[in-house]
Amino acid sequence: MALADRWLLPDGVDEALPEKAAQIEHLRRSLLNLHESWGYKLVIPPLIEYLDSLLTGAGSDLEIETFKVIDQLSGRLMGIRADFTSQVARIDAHCLKEEDIQRLSYSGSVLRTVPAGLDGTRSPIQLGAELYGHGGLESDLEILSLMLETLRVAGLEKLVLDIGHVDIVRGVIEAAGLSEADQVKLSELYKAKDLPELEVFVAQLNATNRVKSWLTALPRLCGGVEVLAKASSVLDGVSKSVSDAIDMLNRVVEVVKSRFPQIGLHFDLSDLVSYSYHTGLVFAAYQPGHGNAIARGGRYNNIGEVFGRSRPATGFSTDLKTLVSLSQPNVEQKLRVLSPVASSAKLWDKLNKLRQEGYQVVEQLDDDVRVEKFDFQLVDVDGDWQLQAVSK
């Protein structure tokens, strides 16, 4: 390997230098404190687990994104986490075992075999929250509101919130009575938004004209709040689950407009991307000019069933690196003090006192230190160590 190549990082894997690292860490602390103020308790799952646990249930969708290694102690296959969701579900189901509502938050690195989107990273620092034990709209709204408040605290307010409900698209497909093969093909066309091909495909189906109208109308139910009124009309009679889902979306709109009036709203009622294991309300936040969702969440009931405990659940996650790159937060810099090496107990005590008061104190280990990079010097004035301002 050439010397120059030894400094290269793999594609999609990056590192944070001091300024950016300080921004990420400052934001991480602020957001975890926010979550704590909402009653969410921090958990720290392991970076690596046995694969049959890590990819169980919801995690099975992440198999292609998960790096795999052999455990040298047991010989079993292990995976480096690509997402926290299944891990936190395991903690709720197997470790905590409480019957009450459980609110959990987390933050840590994940690693993925492929980047999330064209400008995505393979090594995000994921932060999120999960709520277990409540299946009503109130917990959906709590998680959705916490996600938006998380983005606000991160300095992102000009956002568009994309909202959907998986019962709509699933209800329409189920009501159509299609074969399994036709359902798979239809789902692919919805994901691709290939409307011309969709028209051709639906036309040859053995279905009533009414059913065909539902199937072709669904991907066109995309846009602002007016989409919900159109959906109520176009999808009238599909099923009670579809009607209930549209009613729920209308209720969500009322709450979001009341709590976050500055947030733009968007709906795509045929969206199936990234929601394969969700069971109800789904949502994602976008920043204009940034292609990928900056936060995403929704309901995934019974996610802990594979761990022996079925509970309703909802949650969201975001990437701290993305939030920092979009908001460019200002981290308050501590005043810097240059000190001689602490060769006496009196000077040592002075250094510790200044650090406790919030100063950043650096001992001068050689004569080549650039004094102008500091705000103060610590000097001995008649046996008393005092701060002396540095001339810039």
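This text goes with the structure placed above it.
Predicted, not measured: the structure shown is a model, and the values here were computed from it.

(A) Spatial organisation of the pairing of strand β4 (residues 77-80). Of the pairings in the sheet, the one linking strand β2 (residues 48-50) to β4 comprises 3 bridges and is antiparallel in character. Looking across to β4, one finds that Glu49 is bridged to Gly79. Bridge count for strand β3 (residues 67-70) against β4 is 4 bridges, and the pairing is antiparallel. Looking at the pairing, Phe67 lines up with Ile80 of β4. Once β3 ends, the chain turns through 6 residues before running back antiparallel as β4, passing Gly75 with a positive phi of about 80°.

(B) Highlighting the side chain of Ser327. Along the chain, the position of Ser327 falls in helix α11 (residues 320-327). At a separation of 2.7 Å, a polar atom in the side chain of Ser327 contacts the main-chain carbonyl oxygen of Leu323.

(C) How the structure looks around the sheet that holds strand β14 (residues 360-363). Pairing is mixed across the open sheet formed by 4 strands, whose spatial order is β14-β13-β15-β16. Unpaired on one side and paired on the other, β14 and β16 (384-389) mark the two borders of the sheet. Each strand of the sheet is rotated relative to its neighbour by a mean of 35°, with strand direction disregarded. The sheet contact formed by strand β13 (residues 336-339) and β14 spans 4 bridges and is parallel. Opposite Ser339, over in β14, you have Glu363 as the bridge partner.

(D) Fine view of the pattern of salt bridges. Per the counting criterion, the structure on display carries 14 salt bridges. For Glu25, the salt bridge is made with Arg29, and the minimal N-O distance between the two is 2.8 Å. With a gap of 4 residues between them, Glu25 and Arg29 both fall in helix α1 (residues 18-37), about one helical turn apart. The salt bridge involving Asp244 is made with Lys240; its shortest N-O contact spans 2.7 Å. Taken together, the residues span about one helical turn, with Asp244 and Lys240 both in helix α10 (residues 240-259) at a distance of 4 residues. The network of salt bridges with common partners includes Glu25, Arg28 and Arg29.

Definitions and cut-offs
Residues numbered from 1 in each chain as written. Predicted model: local features only at pLDDT ≥ 70, side-chain atom pairs only at ≥ 80, totals over all residues. Heavy atoms only, no water. Pairing = 2+ DSSP bridges. Helix = DSSP H or I, 4+ residues; strand = E, 2+ residues; numbered from the N terminus. Polar contact = N/O pair within 3.5 Å; in protein donor to acceptor, adjacent residues only side chain to side chain. Axes fitted to C-alpha atoms, helices over the stretch in contact; angles between N-to-C directions. Salt bridge = Lys/Arg side-chain N within 4 Å of Asp/Glu carboxyl O.

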